[in-house]
Every structure is written in structure tokens, then in C-alpha cells.
Amino acid sequence: MRHSYALIGLTPSERTLLESLFALGQDQGEELVPALEPREAHLIVVNGDDHALVERLRQDNPLALIVLAGRSPGAPATELPVLRRPLDMQGVVEVLSRLGAQRARAAARRAAAW
């Protein structure tokens, strides 16, 4: 299955780690490709320290699965999954693997919206 993603506000090393993991997922039948625009992405990984950006992305693409990279102390509570910084492969895999059920629900909502 083909899914698109957007990485927003991340450091170069965070982007490299995530892109490497997404490339590995292609060996397991999942094709993850960069989205041309965040509003077209199925998955968005965004800098969790920028609350205004996170809210704007949620409004612009309410069907996307949004994952926060880090979250500043005192940040408002959220139901969004969080990748703890510094990102490490095991932590990223754990968080993203839990998205399977959420991704299935989002795909069903997308299909119903079309």
C-alpha cells in the first residue's frame, strides 16, 4: 500500500533517521513517499515544540496521522503520539508501529470522504 508523509520542522539528523526507516518499510510491502504538500500527506511528523504549527496542520489536514517529534515541558495535553528526543530507531519504531490501527481508521475516513 502506498502512503505519503511530510516531515516538518525537524533537524537534518531526525529527517535522515525517519527517511531511512520509511525506506526499510518498503521491503515489507508498505511504500512511503514524500508528499508534495503537507495537506496531502497521510502521515505528518512535526516538531512538537511549535504548538501553532501543529494546530495549523491539524486544521489543514484533519485526516492525517500526526506524530510530534518532542514536546516542550508545559505543553498542552494532546492525544497525538510523541517521539521522544533525541530520536532513536527503537523509539521511533515503537511509536510508528502503534499507528497501524490508526492508519486503517484514517484510510477508511479518507475513502468515505471521496
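Along every chain, residues carry numbers that run from 1 in the direction the sequence is written. Residues qualify for local features only when their pLDDT is at least 70, as the model is predicted, and side-chain atom pairs are given and counted only at 80 or more; totals for whole chains, interfaces and linings, by contrast, use all residues. The side-chain values count all of the structure's non-hydrogen atoms but skip hydrogen atoms and water molecules.

Caption draft 1: Here's a closer look at the pattern of salt bridges. When a carboxyl oxygen of Asp or Glu is within 4 Å of a side-chain nitrogen of Lys or Arg, the pair counts as a salt bridge. Inspection of every chain in the model, using the stated rule, returns five salt bridges. Across the pair E14 and R85 runs a salt bridge whose closest N-O atoms are separated by 2.7 Å. In this pair, E14 sits in helix α1 (residues 12–25) while R85 sits in the loop between β5 (82–83) and α3 (89–97), placing the two residues 71 residues apart along the sequence. For R58, the salt bridge identified is with E79, shortest N-O distance 2.3 Å. Taken together, the residues span a long stretch of sequence, with R58 in helix α2 (residues 51–60) and E79 in the loop between β4 (65–69) and β5 at a distance of 21 residues. Relative accessibility under 20% of the residue-type maximum defines a buried residue, over 50% an exposed one, and the middle range a partly exposed one, all with a 1.4 Å probe and only protein chains included. Given a relative accessible area of 26%, R58 falls into the partly exposed group. Under the relative-accessibility criterion, E79 is labelled exposed at 58%. A network of salt bridges, in which partner residues are shared, links E14, D49 and R85. Comment: elements are numbered from the N terminus, with helices defined as DSSP H or I runs of at least four residues and strands as E runs of at least two.

Caption draft 2: Representation of the sheet that holds strand β1 (residues 2–8). An order of β2-β1-β3-β4-β5 is seen for the five strands of this open sheet, with the pairing classed as parallel. Each of the sheet's edge strands pairs with one partner strand only, and the pair in question is β2 (31–34) and β5. A pair of strands counts as paired when DSSP detects no fewer than two bridges linking them. In terms of strand pairing, strand β3 (residues 43–47) meets β4 through five bridges, oriented parallel. What sits directly across from V46, in β4, is L68.

Caption draft 3: Expanded view of the confidence of the model for the chain. Known as pLDDT, the predictor's confidence for each residue is given on a scale from 0 to 100. Predicted confidence across the chain gives a mean pLDDT of 87, with 85% of residues reaching 70 or more. The element-level mean pLDDT for the chain is lowest in helix α4 (residues 99–113), coming to 67, with β3 highest at 96.

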